[in-house]
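Here is what each chain is made of, one letter per residue.
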Amino acid sequence: SVSDFVTDFNAEGEEVEGGLAHRGMLKSAQWLQKEIGPILLHLHQRGYQVTVVGHSLGAGVGAFFSLLMRPQISSIQCFGLGTPACIDERLIPAFLDIMVSVVNRD
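Numbers given to residues run from 1 along each chain, matching the order in which its sequence is written. Thresholds applied to this predicted model are a pLDDT of at least 70 for local features of residues and 80 or more for the giving and counting of side-chain atom pairs; totals over whole chains, interfaces and linings are not thresholded and use all residues. Where side-chain values are given, they derive from all heavy atoms of the structure, hydrogens and water being excluded.

*Asks:* What am I meant to see in the pairing of strand 1 (residues 13-16) here?
*Replies:* Two faces make up the sheet, and in a regular strand the side chains alternate between them. Here strand 1 shows a clear split, with Glu14 and Val16 buried on one side and none of Gly13 and Glu15 buried on the other. In this sheet, strand 2 (residues 19-22) lies alongside strand 1 in antiparallel orientation, the contact comprising four bridges. Residue Glu15 lies in a different strand from strand 2, and its bridge partner there is Leu20. Hairpin connection between strand 1 and strand 2: a loop of two residues separates the two successive antiparallel strands, and Glu17 in this loop has a positive phi of roughly 50°. Under the scheme applied here, a residue whose accessible area is under 20% of the maximum for its type counts as buried, over 50% as exposed, and between as partly exposed, the area being computed with a 1.4 Å probe on protein chains only. Strands are runs of DSSP state E lasting at least 2 residues, helices are runs of H or I lasting at least 4, and numbering of each runs from the N terminus. Here, a strand pair is defined by DSSP locating no fewer than two bridges between the strands.

*Asks:* I tried to follow the pattern of salt bridges on my own but got confused; where do I start?
*Replies:* Charged atoms that come close allow side chains of opposite charge to pair. Salt bridge, as applied in this entry: a Lys or Arg side-chain nitrogen positioned within 4 Å of an Asp or Glu carboxyl oxygen. In this structure the tally under the stated criterion is three salt bridges. With a closest N to O distance of 3.9 Å, Glu15 and Arg90 form a salt bridge. Here Arg90 lies in the loop between strand 4 (77-81) and helix 4 (92-95) and Glu15 lies in strand 1, a separation of 75 residues in the sequence. Judged by relative accessible area, which is 52%, Glu15 ranks as exposed. Given the relative accessible area of 43%, Arg90 is considered partly exposed.

*Asks:* Can you help me understand the pairing of strand 4 in this one?
*Replies:* Side chains Cys78 and Gly80 of strand 4 all project onto a buried face; the interleaved residues Gln77, Phe79 and Leu81 project onto a face where none is buried. Pairing of strand 3 (residues 51-55) with strand 4, which is carried by five bridges, proceeds in the parallel orientation. For His55, the partnering residue across the bridge sits in strand 4 and is Leu81. Regarding the hand of the β-α-β motif, the stretch spanning strand 3, helix 3 (residues 57-69) and strand 4 is right-handed. Where strand 4 and strand 5 (residues 99-102) come together, four bridges link them in parallel fashion. Residue pairing for strand 5: Phe79 is matched across the bridge by Val100. A crossover counts as right-handed when, viewed with the strands pointing away from the observer, the path leading from the first strand over the helix to the second turns clockwise.

*Asks:* Is there a simple way to think about the side chain of Ser66 in this case?
*Replies:* Topologically, Ser66 is positioned in helix 3. Whether two residues are in contact is decided by their heavy atoms: any pair within 4.5 Å suffices. Contacts of Ser66, omitting those with residues within four sequence positions, involve Val52, Ile76, Gln77, Cys78 and Ile98.

Nothing here speaks to function; it is geometry throughout.
The structure is reproduced here in structure tokens:
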């Protein structure tokens, strides 16, 4: 879609958590945090486990969304299928206990 193209195209790096992130994916995750973050926090407080799943662009956005929600939902997990390269090496430690990325072949 056009919105996916715009998100992908906005690939400049943006500072987050001491590293660089894909700006378009990060901005999409920040929008999601405002839109559905409060609902997920409410559900988490009621005993639900929050798990994020995404494919390709959605995996990148889901990863950033999970990172942004981690201070409020410490048990949040993200599973990405075909996750694109969207962070620099300084951000790798921030995702180690949040993200599982599955890649088929290379």
